[in-house]
Amino acid sequence: MRKCLFIAVILILSGQIFAQDTIQPGRKKGKPVSSYDTAKAPRILREWTLTSDFSEEEALVVDTLFNLSHRVGIADKFSPVNATLGNYGLPFYQVNFFDRVNDPDKFLYKYYYPFMYVPENAFFLNTQVPYTELKWSFAGKRQNSEQIFMIMHTQNVNRFLNFGLIYDVIFSLGQYNFQRADDKNFTFFSSYVRDNYKLYFSSGLNNITSYENGGIPDLSQLETQTELRNIPVNLGASNAVSKLKNKSLLLVQRYTIGNKTPEQADTTETNLSKPLLSGTFSHILTIEENKRTYEDQFPRSGFYDSVYIKGTSMPVFDSLTSRFIKNTIRFDFVTDETRRFRLGGGIGIKSELFRYSQMMNLNLDDTATIRTLRWLDKNNNNAVIGSLYNNIGDKFGWSAKGDLFLNGYRAGDFSLNGAIKKSFALRKGTADWIIRGGMSNTQPSIWYERWSSSNFRWNTNLSKEFRLNAGTDLMFPANIGEIRFDYSIIDNYTDFDSTAMPSQFSGGLSVAALTIKKELRAWKFHLATDLILQQSSNKDILDLPLLTVRSAGYFEHLFKFRSTGGNLNTQIGVDVTYNTEYNSYSYMPATGRFFRQSLVKSGNYPFIDLFIDLKVRRTRIFIMLDHANAGLMGYDYTMIPSYPMNTRMLRYGLAWTFYD
């Protein structure tokens, strides 16, 4: 396969190196979606997602720069630095506290969320011609290789109806024993957009398999062992595997009544004197099913403190499932958008139906095994939701939205969030200043309260977690930079303690973070940096690295071939990731949870990558030496205790777009 792709790359270069250079990469909320030809931009008419409550469209800004295309990991687009188990595709958490997933309904897949296609990150496009994009990358030797493959296709049936699909694969064998990741994720999406009726549909299938080796008990062998697969791992004899299966569906229908939209309205003096007002009825349906299983062929290996099965040789098979259906009906109104003072808002009701179940092994003797249902729970929640916003001119506006749960498991839960936005006209474009604030009172996931498996059991009653949030964003034009500040006060902070059991800190906890994104340029030299400063008021409960940096320094040059008019854009440089020391979370395979520990510090080690990025017309190519400094600056290269990162390996790949 690699030889065929090398040949394909050569053919691409030979056939296109003298052609016009036009490809530009696109971005969606930090997640790469597609690449665009700026010379033919009208072909991709529009790209958008939906707001968090699925009530409005939210335009996606296309990044028209060729920039750092060797950063192929979707996880790193979601948040710049992530703490991983060493092999791409395995569970991870965001180093930036304010990028972490906190939704209790995402408990089972919060450590995989950026890989997956679920209703909250659905997106939609409108194109003039069929559009296809192919991405592929390969790293390492054949016996421990990592391959990433993604194909996307979208097209319009007519100017109103679009459909598309994405198939995403991560297949990584890993450099250490029993570390394989096999993730296969698929989504189908469609939209039908008319003046008075809009329909959005998205469906996702996510299948994620993670081999659990329990970490390496003796990390000193990294210095002496030349063959990494000969290093013993904690669960080497257990053949332990975690599997996550997710199915989801999103269906949104919106029907608008009232006056015509501003674009359709007659602009005569008579009509201008009459304010335009429209109302929209919406129905929002989301369905989701999540199932996590854990298998262990040798549960009495000594890795786990507790084993709740009787036999000495019985394997473990634990399974837990959550299913939910959410229905929302709402009415939204908006006044004349052509006037200086514009007001809008909405109100609705939301109904949720949940079902939870969990299974584990029970055995009668050493040879008989029974999978039995340990518990089954059903609950339903009903909530009222509302929103209000006001825009005064084009440069000032405010918005607020919230919900309140009236009954059910989440009775008394609420959230209220607001923002004020002010725009400033500068010489190089428009700068935006946003002030954010909010509060929430949330019942932790039911899995924090009830769990019954072969290695862990708990039955607790937890209080609601209260968060008071404040923050501000300052975004400068023309890629000058972004500054973001977040501050949160948390009561009843909920996580897992040093025994990997649920824990709730009843005292107050405050967290602050300053995030700076900046690119410096001097002639053809660039320095693109993401910098995060964080501080927690209680390091025993929540420890964070004081400083986290991801920075790429590179030289960029555009080769122009006058005889043909073709262009070849090149970036050559070094990419560095670093964070100061802190007590990172440890990982528990049986539950798939990260938990607190205070015995081992992680950090104070730079991960250095050397890269060459090329862009030739519709094709982007990269070659990278991943972790080039492995073994040259010590061997303490773990982001999670006992889970070392991959050592030095060659990584290469391409992205290719097709249309017309």
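How each quantity is defined
Residues numbered from 1 in each chain as written. Predicted model: local features only at pLDDT ≥ 70, side-chain atom pairs only at ≥ 80, totals over all residues. Heavy atoms only, no water. Helix = DSSP H or I, 4+ residues; strand = E, 2+ residues; numbered from the N terminus. Buried < 20%, exposed > 50% of the residue type's maximum accessible area, 1.4 Å probe, protein only. Areas by Shrake-Rupley, 256 points an atom, 1.4 Å probe, with all protein chains shown as cover. 1 Å grid on protein atoms, 1.4 Å probe; cavity = no way out; pocket = protein on both sides within 12 Å on 5 of 7 lines; lining within 4 Å. Points joined across faces, edges and corners; volume = space filled by probe spheres on them. Nonpolar A, V, L, I, M, F, W, Y, C, P; charged D, E, K, R; others polar. Polar contact = N/O pair within 3.5 Å; in protein donor to acceptor, adjacent residues only side chain to side chain. Salt bridge = Lys/Arg side-chain N within 4 Å of Asp/Glu carboxyl O. Contact = heavy atoms within 4.5 Å. Core = buried A, V, L, I, M, F, W, Y, C linked by side-chain atoms within 4.5 Å. Phe/Tyr/Trp six-rings, centres within 6.5 Å; stacked < 30°, edge-to-face > 60°. Pairing = 2+ DSSP bridges. Patch = residues over 30% accessible without salt bridge, like charges linked within 9 Å, V, L, I, M, F, W, Y side chains within 5 Å. Lys, Arg positive; Asp, Glu negative; His and termini not counted. Charge placed at Lys NZ, Arg CZ, Asp CG, Glu CD.

> Before we go on, may I ask you to explain the overall build of the chain in this structure?
The secondary structure content of the chain amounts to five helices and 35 strands. Within the chain, the proportion of its 660 residues that are buried is 53%. Total accessible area computed for the chain in this model is approximately 29300 Å², and 59% of it derives from carbon and sulfur atoms.

> Any chance you could explain the layout of surface pockets here in plain terms?
Take a probe with the size of a water molecule and roll it over the atoms, and the empty space left behind shows itself. Reported here for the second largest pocket is a volume of approximately 560 Å³. Lining the second largest pocket we find 26 residues, and of these F303, S498, S586, M588 and F595 sit closest to its centre. Per-element accounting of the lining of the second largest pocket gives the leading share, three residues, to strand β29 (residues 586-588). Looking at the lining of the second largest pocket, its residues break down into 13 nonpolar, 10 polar and three charged.

> Looking at this structure, how should I read the side chain of N156?
Its location among the elements puts N156 in strand β9 (residues 146-156). For N156, a relative accessible area of 15% translates into the label buried. Polar contacts involving the side chain of N156 include one to the main-chain carbonyl oxygen of N158, which spans 2.8 Å. Among the polar contacts listed, one links the side chain of N156 to the side chain of N162, at a separation of 2.7 Å.

> Whenever I open this one, the environment of P130 confuses me. Can you help?
When you line up the elements, P130 lands in the loop between β7 (123-127) and β8 (131-139). C-alpha of P130 to C-alpha of H153: the two residues are 23 residues apart in sequence and 7.4 Å apart in space.

> What's the story with the pattern of salt bridges in this structure? I'm lost.
A side chain of one charge can pair with a side chain of the opposite charge if their charged atoms are brought near each other. With the rule as written, the count across this model stands at 29 salt bridges. With a shortest N-O distance of 3.1 Å, R323 and E289 are connected by a salt bridge. Residue R323 is found in strand β15 (residues 316-335), and its partner E289 is found in strand β14 (residues 277-296); the two are separated by 34 residues along the sequence. The class of E289 is partly exposed, set by a relative accessible area of 27%.

> When you look at the side chain of R330 in this model, what are you seeing that I'm missing?
Examined against the element boundaries, R330 turns out to sit in strand β15. Of note is the side chain of R330, whose polar atom sits 3.3 Å from the side chain of D53. The residues contacting R330, other than those within four sequence positions of it, are D53, S55, T280, F281, S282, I284, G346, I347, G348, I385 and S387.

> Any chance you could explain the nonpolar core here in plain terms?
With 33 residues, the main nonpolar core has Y93, Y493, L542, F594 and I640 as its most contacted residues. Going through the elements one at a time, β24 (481-496), β25 (502-522) and β33 (638-640) are the ones with two or more residues in this core. Within the second largest apolar cluster, 27 residues are counted, among which are F354, Y356, W447 and W451.

> Help me out: how do you make sense of the packing of aromatic side chains in this one?
Aromatic rings in a pair are described by how distant their centres are and how their planes are angled relative to each other. Under the counting rule described, the total for this entry stands at 43 aromatic pairs. Note on Y88 and F115: the rings are 5.4 Å apart at their centroids and 80° apart in plane angle, and the pair reads as edge-to-face. Of this pair, Y88 sits in the loop between β5 (82-84) and β6 (92-94) while F115 sits in the loop between β6 and β7; the two residues are 27 residues apart in sequence, bridging distant segments of the chain. Of the two residues examined, Y88 and F115, each falls in the buried class. An angle of 85° between the planes, with centres 6.5 Å apart, marks the rings of Y294 and Y304 as edge-to-face.

> I'm lost on the pairing of strand β28 (residues 566-579) in this one. Help?
Across a regular strand the side chains alternate sides, sitting on one face of the sheet and then on the other. Taking burial as the measure, the 14 residues of β28 include 10 buried ones, the bulk of the element. In the sheet, strand β27 (residues 547-561) pairs with β28 via 14 bridges, with the strands oriented antiparallel. Residue pairing across strands places F559 opposite L568, the latter belonging to β28. Sheet topology note: the β28/strand β31 (residues 607-616) ladder contains nine bridges and is antiparallel. For G573, the partnering residue across the bridge sits in β31 and is F611.

> What exactly am I supposed to notice about empty space enclosed by the protein here?
Taken as a whole and judged by the stated rule, the model has 10 cavities of 30 Å³ or more. Of the voids in this model, the largest cavity is the one considered here, and its volume is about 640 Å³. Looking at the largest cavity, it is lined by 31 residues, and the ones nearest its centre are D76, Y88, D626, M645 and R651. Counting only elements with at least two residues in the lining of the largest cavity, the list comes to α2 (74-78), β5, β9, β31, β32 (619-626) and β35 (649-659). Here the residues of the lining of the largest cavity are counted per class, giving 14 nonpolar, 10 polar and seven charged. Roughly 160 Å³ of internal volume is contained in the second largest cavity. Along its surface, the second largest cavity is lined by 19 residues, and P104, D105, F354, Y356 and S445 are the ones closest to its centre.

> How should I be thinking about the pairing of β31 in this particular structure?
Pairing of β31 with β32 involves seven bridges; the strand directions are antiparallel. Across the sheet, the residue bridging to I612 is I623, located in β32. Hairpin connection of β31 to β32: two residues between the antiparallel strands, including R617 at a positive phi of 50°.

> Is there a simple way to think about unusual backbone geometry in this case?
With the exception of glycine, most residues fall at negative phi, and the peptide bonds are largely trans. Here A500, not a glycine, exhibits a phi torsion of approximately 65°, which is positive. Along the chain, A500 falls in the loop between β24 and β25. Even without being glycine, R617 reaches a positive phi, approximately 50°. Structurally, R617 is set in the loop between β31 and β32. By relative accessible area, which is 30% here, R617 ends up partly exposed.

> So what exactly am I meant to see when it comes to a positive patch on the surface here?
A surface patch of like charges, here positive, comprises K243, K245, K247 and K291. The greatest single-element share of the positive patch, amounting to three residues, is contributed by strand β13 (residues 240-258). For K243, the location among the structural elements is in strand β13. Looking at K243, the relative accessible area reads 34%, which means it is partly exposed.

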